[in-house]
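In case you want the letters, here they are:
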Amino acid sequence: MTLTEKLLARASGKSKVAAGDNIWVNADVLMTHDVCGPGTIGVFKREFGKDAKVWDKNKIVIIPDHYIFTADSKSNRNVDILRDFVKEQGLPYFYDVIDDPDGHWHFDPSKGMLKKQYGSRYAGVCHTALPAKGHTRPGEVLFGTDSHTCMAGAFNQFATGIGNTDAGFVMGTGKLLIKVPETMHFRLEGKLQPGVMAKDIILHCIGEIGFDGATYRAMQFDGEGSSNLSMDDRMTIANMAIEAGGKNAIFEFDSRTQEYVDARVKLNGTKATYNPVEPDKDQKFVYELVVNLDKLEPTVACHPDPGQRKKASEMSHIKLDRAYVGSCTGGKTSDFVEFARILRGRRVTIDTFGVPATPEIVHDLQSTRWGEKTIWEILTDAGVQMTENAGCAACLGGPVDTFGRINKPGIKCISATNRNFPGRMGDKESQVFLASPATVAASAIAGKIADPREYFGN
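Reference entry: report on the structure contained in this document. If you're wondering where the values come from, they're calculated on a predicted model, not measured in any experiment.

Thoughts on helix α6 (residues 198–209)
With 12 residues, α6 extends 17 Å between its outermost C-alpha atoms, agreeing within 8% with the 16 Å of an ideal straight helix rising 1.5 Å per residue. For α6, the buried fraction is high: 11 of the 12 residues fall into the buried class. Where α6 is concerned, the buried positions are Ala198, Lys199, Asp200, Ile201, Ile202, Leu203, His204, Cys205, Ile206, Gly207 and Ile209. With its phi angle positive at about 95°, Gly210 sits one or two positions after the end of α6.

In structure tokens:
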């Protein structure tokens, strides 16, 4: 069996499963957020009764993160709905925007978009916060009401996005009926060259198979090149499996996985035991691709979908209006370090926005010094508009007052985010080009799409 098949067999209590089997799977964690949480709660109460209790209060994680830093009253109300439910159910894992359990969330636009407006428990973007808070463990099943839940596959678990109806059912029973996906095999060999990042790997893979090439399939990443990747790198790759239509992505368990998970569960006091799945020698795949990391170049996904791959070096004729670094895919500490590596001592020439994924990442950037300056200072001195309000922000558009949102037609934006369908970051007439933080930095300096390798050693 493949990694996904072995994991699902265990979660269904079977000795063996095969692609195409319909099985009942036991969930280890259900995650929901402020956009889908109220709907999930509504389904749960409708189907199980208004006084029903969730199947296991220790296995539900609720993280408001999407439409948070906006004056839109309905968006603010969604967080209050989550808080009321958490109080009613006694759920321990709720990462509220405010500290008052009896309060109401209200974003104050008069304070501006750059200074933080959140309490001590706020966790930021759910997919980055889940592992940071110790909720991703190898060998487990994670369901989340968000398509990018597949990011947790970096930790050797089956993680996939589900809708509100399925989530409401899981909330009441802890189970879900799913079809075992076929597995596509991506063997990574070699090592990334300077200026090339994990984002370039996944954009290359999606370019090879198309934005629907992995529809309802598992994408398994392994090989020597995979073992050379950091956990941040693996999260970037796993996150974008859904951009190829994938059901899930999954990586092998190794010492890097163990080190990351053990540290996070200890720090946060979450469940410490887990049982990773190991690969079988005779795995059978429906597709195989070998990716030589040594030969990869900075890559860009062009409007209107993530499968429109081109090399950054071939796109210098594309003039840009905006650059953006952030989200679960591109807002991690390592992403901003590479962003700063290119921008250090230089200035951007177009509107450039930076949105860290979590408050911890804000702290990392504001406290880590690179020479005489912190990374945060390097970026702001370069002209980047950096906000302390960690969250999804303009990655998915949101209300019109969302930080970094594209509100004018015809804007061309290069972004380290994960999706570029029309209207994804705001106006439907805008164009979004997806790239690594390094490529975004080089392009922000040039005012057009640029190869970051041109800025190394200069």
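From this point, things continue past the structure.
What about the sheet that holds strand β9 (residues 248–251)?
Pairing between sheet strands relies on hydrogen bonds along the backbone, with the strands arranged either parallel or antiparallel. Sheet architecture is open: four strands sit in the order β9-β8-β7-β10, paired in parallel fashion. A strand with exactly one partner marks an edge of an open sheet, and here the two such strands are β9 and β10 (287–292). Direction aside, neighbouring strands of the sheet carry axes that sit 20° apart on average. Relative to β9, strand β8 (residues 217–222) runs parallel, the two sharing four bridges. Counterpart to Ala218 in the pairing with β9 is Asn248. Where helix α1 (residues 3–11) meets the sheet, it contacts β7 (182–189), β8 and β9, and its direction lies at approximately 100° from that of β9. Relative to the sheet, α6 contacts β7, β8 and β10, its axis offset from that of β10 by approximately 140°.

Some remarks on the side chain of Ser436
Take Ser436: it is sitting in the loop between β19 (431–434) and α14 (437–446). The exposure class of Ser436 is buried, given its relative accessible area of 0%. Ser436 has contacts with Met197, Lys199, Asp200 and Ala416, leaving out every residue within four places of it along the chain.

Quick notes on the rules
Residues numbered from 1 in each chain as written. Predicted model: local features only at pLDDT ≥ 70, side-chain atom pairs only at ≥ 80, totals over all residues. Heavy atoms only, no water. Helix = DSSP H or I, 4+ residues; strand = E, 2+ residues; numbered from the N terminus. Expected span 1.5 Å × (residues − 1). Buried < 20%, exposed > 50% of the residue type's maximum accessible area, 1.4 Å probe, protein only. Pairing = 2+ DSSP bridges. Axes fitted to C-alpha atoms, helices over the stretch in contact; angles between N-to-C directions. Contact = heavy atoms within 4.5 Å.

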